[in-house]
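# Chain and residue survey
So you can see what is in the structure, the chains are spelled out below.
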Amino acid sequence: MNVNFVNLFNALPGAMAQGLIWGIMAIGVFITYKVLDVADLTVDGSITTGGATCIILMVNGCNVWLAMLGAIIAGLLAGLITGILHTLMGIPALLAGILTQLSLYSINLRIMSGKANQAISVDKYDLLVSLRRIPNAILIGALFTVVIIALLYWFFGTSLGCAIRSTGANPNMSRAQGINTDLTKVLGLMLSNGLVALSGALLAQYQGFADVNMGRGAIVIGLAAVIVGDVIFGKIFRNFALKLLSVGFGAIIYYAVIQVVLWLGLNANDLKLLSAVVVAIFLAIPYWKGKYFNKAAKKEGK
């Protein structure tokens, strides 16, 4: 039993590193899910696009920073495609995201020259993060998270950022105030998928490869981080920057829970099922609280 606890303790830093990297993706999901009030499934494809673009550029001699910039641009383009499908072609946001995600599978294969997997070694390339250097990965992930939150806090305080937030809160009133809601939706989707692709670039470096299926189920992980963070820290973190930070904490908590469950002996093949259960439970908590606990409190008050 002591050995088991030691193994769990040794595994938690890796869970924290993964949580920080996936937390960046979850912040991107937060922008569409909470700010724009749009369900965007593009992320399952754009996270792979970011990883594939970064690894291929590095393998072909590109500097890691330029490779990551290329990954972000690829993510922005993915969000642009979804935005165009939704706004200019009138396709519902959910379906537009599915269509883009579907097309990105073929595009990602093209990026990796037809290969389903492209490996990269930390011994041959200057990677920012690596599974073999977990303390460094935690530091880099934390720095990226802080910088991203600071930039987003500034951006959403500008007139353009406020217009994006207004579009998500009340699109009809926003149009009445002269805001081009189609443009703000497209910009929000681009910003979201740019962050998702950045997360994919870091994730591919961390695990040492880009895989065409590495983004499968990413939206569930992103939603889990957003919802867990909101349920646990929602009453404490009122500031917008702190809400973004709660998403990062949510991702870390999610991966810590996954690690604990694996330590208890759950079959790794059941992780997707566990993710769905976690999201369902945390989605239901606010509903249960409002329906049952608030009623009980009112009855006691009477």
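Everything here concerns the structure above.
Let us look at the structure shown here. (Residues numbered from 1 in each chain as written. Predicted model: local features only at pLDDT ≥ 70, side-chain atom pairs only at ≥ 80, totals over all residues. Heavy atoms only, no water.)

## Remarks on the overall build of the protein
A count of helices and strands for the protein gives 11 helices and 2 strands. Computed over its C-alpha atoms, the radius of gyration of the protein comes to 20 Å, within 12% of the 19 Å expected for a compact globule of 302 residues. If one aligns the C-alpha atoms of the protein with their principal axes, the spans along those axes are about 65 × 55 × 30 Å. Relative to its 302 residues, the protein shows a buried fraction of 47%. Within the protein, contacts between residues at least 6 apart in sequence are counted, and of these 77% link residues at least 24 apart. When the accessible area of the protein is evaluated, it comes to approximately 14,900 Å², of which 66% is carbon and sulfur surface. Charged side chains in the protein number 20 positive and 10 negative. The centres of these two groups are separated by 8 Å. (Helix = DSSP H or I, 4+ residues; strand = E, 2+ residues; numbered from the N terminus. Rg over C-alpha atoms; globule rule 2.2 N^0.38 Å. Buried < 20%, exposed > 50% of the residue type's maximum accessible area, 1.4 Å probe, protein only. Contact = heavy atoms within 4.5 Å. Areas by Shrake-Rupley, 256 points an atom, 1.4 Å probe, with all protein chains shown as cover. Lys, Arg positive; Asp, Glu negative; His and termini not counted. Charge placed at Lys NZ, Arg CZ, Asp CG, Glu CD.)

## Quick word on a nonpolar patch on the surface
Residues Leu273, Val277, Ile281, Tyr287, Trp288 and Tyr292 make up a contiguous nonpolar surface patch of about 630 Å² in total accessible area. Here Ile281 lies in helix H11 (residues 271-301). (Patch = residues over 30% accessible without salt bridge, like charges linked within 9 Å, V, L, I, M, F, W, Y side chains within 5 Å. Salt bridge = Lys/Arg side-chain N within 4 Å of Asp/Glu carboxyl O.)

## Quick word on helix H5 (residues 134-155)
Helix length check: H5 (22 residues) gives 31 Å between terminal C-alpha atoms against 32 Å at 1.5 Å per residue, within 8%. Among all positions in H5, only Ala137, Ile138, Ile140, Gly141, Phe144, Thr145, Ile148, Ile149 and Leu152 are buried. Buried residues of H5, seen end-on, are gathered within an arc of 165 degrees and therefore sit on one face of the element. Exposed residues on H5 whose side chains face more than 90 degrees from its buried face are Pro135, Val146, Leu151 and Trp154. (Expected span 1.5 Å × (residues − 1). Arc of directions from axis to C-beta.)

## Concerning helix H10 (residues 240-263)
In this model, H10 (24 residues) spans 35 Å end to end at C-alpha, consistent with the 34 Å of a helix rising 1.5 Å per residue. Between the side-chain oxygen of the N-cap and the backbone nitrogen of Ala241 there are 2.8 Å, and the N-cap of H10 in question is Asn239. (Polar contact = N/O pair within 3.5 Å; in protein donor to acceptor, adjacent residues only side chain to side chain.)

## Here's the deal with the side chain of Ser246
Within the secondary structure, Ser246 sits in helix H10. Setting aside its immediate chain neighbours within four residues, Ser246 contacts Ala225, Gly229, Phe233 and Phe237.

## Brief notes about the packing of helix H2 (residues 43-59) against helix H4 (residues 93-111)
Contact geometry of H2 with H4 gives a least axis separation of 9 Å together with a crossing angle of 10 degrees. Taken together, the axis directions place H2 and H4 in an arrangement best described as roughly parallel. Across the interface between the two elements, Asp44, Gly45, Ser46, Thr48, Thr49, Ala52, Thr53 and Ile56 from H2 touch Gln101, Leu104, Asn108 and Ile111 from H4. Considering only residue class, the contact of H2 with H4 consists of 4 nonpolar, 7 polar and 1 charged. (Axes fitted to C-alpha atoms, helices over the stretch in contact; angles between N-to-C directions. Parallel < 35°, antiparallel > 145°, perpendicular 65-115°, else oblique. Nonpolar A, V, L, I, M, F, W, Y, C, P; charged D, E, K, R; others polar.)

## Things to note about the pattern of salt bridges
Within this structure, the stated rule accounts for 2 salt bridges. In this structure, the salt-bridge partner of Asp230 is Lys34, at a minimum N-O distance of 3.6 Å. Of this pair, Asp230 sits in helix H9 (residues 218-233) while Lys34 sits in helix H1 (residues 2-35), and the two are 196 residues apart along the sequence. A residue is classified by how much of its surface remains accessible, and Asp230, at 32% relative accessible area, is partly exposed. You can call Lys34 partly exposed: its relative accessible area is 40%. Here Arg132 and Asp123 are joined by a salt bridge, their closest N and O atoms 3.0 Å apart.

## So, the nonpolar core
Among the nonpolar cores identified, the biggest contains 76 residues, and Trp22, Met25, Met68, Phe144, Leu152 and Leu202 are the most heavily contacted of them. Counting only elements with at least two residues in this core, the list comes to H1, H2, helix H3 (64-87), H5, helix H8 (181-207), H9, H10 and H11. Broken down by element, the residue count for this core peaks at 13 residues, all from H1. (Core = buried A, V, L, I, M, F, W, Y, C linked by side-chain atoms within 4.5 Å.)

## Structural notes on the packing of aromatic side chains
A full pass over the atoms with the stated rule returns 9 aromatic pairs. When the ring of Trp65 is compared with that of Phe144, the centres are 6.3 Å apart and the planes differ by 15 degrees; the resulting orientation is stacked. Residue Trp65 is found in helix H3, and its partner Phe144 is found in helix H5; the two are separated by 79 residues along the sequence. With a relative accessible area of 51%, Trp65 lands in the exposed category. Through a chain of ring-to-ring contacts, three or more aromatic side chains come together here, namely Phe30, Phe155, Phe156 and Phe240. For the cation-ring pair, Arg165 lies above Phe240, with the distance from its terminal atom to the ring centre recorded as 4.5 Å. (Phe/Tyr/Trp six-rings, centres within 6.5 Å; stacked < 30°, edge-to-face > 60°. Lys NZ or Arg CZ within 6 Å of the ring centre and 35° of its normal.)

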